[in-house]
Amino acid sequence: MITHQITSTHDPLWSEIVQTYTAAFPAVERRDVPLLVDLLDGKSGFCSFAFSDEGVYIGFMHFWEFPSFIYLEHFAIAPEARQKGYGGGAIRWLLDRVADTPLLLEVELPIDDDTRRRISFYERHGLHLLDTPYLQPPYRETDEELPLRLMCTKGQLPDDAVHTLRTKVYGCSE
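Residues numbered from 1 in each chain as written. Predicted model: local features only at pLDDT ≥ 70, side-chain atom pairs only at ≥ 80, totals over all residues. Heavy atoms only, no water.

As for the pattern of salt bridges
Argument step 1. Within the structure shown, the criterion is met by nine salt bridges.
Argument step 2. Between Arg 116 and Asp 113 there is a salt bridge; the shortest N-O distance is 3.3 Å. Of this pair, Arg 116 and Asp 113 both sit in helix H4 (residues 113–124), three residues apart, which is roughly one turn of the helix.
Argument step 3. The exposure class of Asp 113 is exposed, given its relative accessible area of 61%.
Argument step 4. In the salt-bridge network here, residues are joined through shared partners; they are Asp 32, Arg 140 and Asp 143. (Salt bridge = Lys/Arg side-chain N within 4 Å of Asp/Glu carboxyl O. Helix = DSSP H or I, 4+ residues; strand = E, 2+ residues; numbered from the N terminus. Buried < 20%, exposed > 50% of the residue type's maximum accessible area, 1.4 Å probe, protein only.)

Digging into the packing of aromatic side chains
Argument step 1. Here the structure, examined in full by the defined rule, presents twelve aromatic pairs.
Argument step 2. An angle of 70° between the planes, with centres 5.4 Å apart, marks the rings of Phe 46 and Trp 64 as edge-to-face. Here the residue Phe 46 occupies a position in strand E2 (residues 46–53), and Trp 64 occupies one in strand E3 (residues 56–65), the gap between them amounting to 18 residues.
Argument step 3. Ring geometry for Phe 121 versus Tyr 122: centroids 5.1 Å apart, planes at 75°, classification edge-to-face.
Argument step 4. Residue Tyr 122 is classed as buried on the basis of its relative accessible area of 10%.
Argument step 5. These aromatic residues form a ring-pair network of at least three members: Phe 46, Trp 64, Phe 66 and Phe 69. (Phe/Tyr/Trp six-rings, centres within 6.5 Å; stacked < 30°, edge-to-face > 60°.)

Points about the nonpolar core
Argument step 1. Tyr 71, Leu 104 and Leu 165 are the most contacted members of the largest nonpolar core, which totals 33 residues.
Argument step 2. Taken together, the elements giving at least two residues each to this core come down to helix H1 (14–24), E2, E3, strand E4 (70–77), strand E8 (146–152) and helix H5 (161–169).
Argument step 3. Non-local contacts of Tyr 71, meaning those with residues more than four positions away in its chain, are made with His 62, Phe 63, Trp 64, Phe 66, Leu 104, Leu 105, Glu 106, Leu 165, Val 169 and Tyr 170. (Core = buried A, V, L, I, M, F, W, Y, C linked by side-chain atoms within 4.5 Å. Contact = heavy atoms within 4.5 Å.)

Quick word on the environment of Glu 54
Argument step 1. When you line up the elements, Glu 54 lands in the loop between E2 and E3.
Argument step 2. Here the alpha-carbon distance between Glu 54 and Ile 2, two residues 52 residues apart in the chain, equals 8.1 Å.

Remember, this is a structural readout, not a statement about activity or role.
As structure tokens, this is what we get:
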């Protein structure tokens, strides 16, 4: 599996990332694509990576690098590449990249087989489901906050995590 950082919409893999991104996440759980494009310059700490195997696109991840933690905002494997071990390989790549820095992500509430399966996937890769109540700020002014759960490799949140997510990732003023 090859990783490739995306820094421009001119990258040939960008259109495939957008297709996977918009299909994998409902609008309430993702940015509008023009706002995502604004983050590609990397100045904010935002990183976009595509994954491929033998020249074939298999998925992407978007994450933020902060001084005290890494936040995995979005991660998806293309439907035709699922159930082939690529998801685990991508998470292992990110965990190797972040080394000892805590990795944090949001997951849906464990209410059905699909959500429990996704949580179990992350648990198998060393993340812990936290009991901390959490509301994801809305991506749009017209959306409501979304009840989610947080997972972290260290089993507890870095002290500044929720404040950093709210202000840096979601642009909330506090």
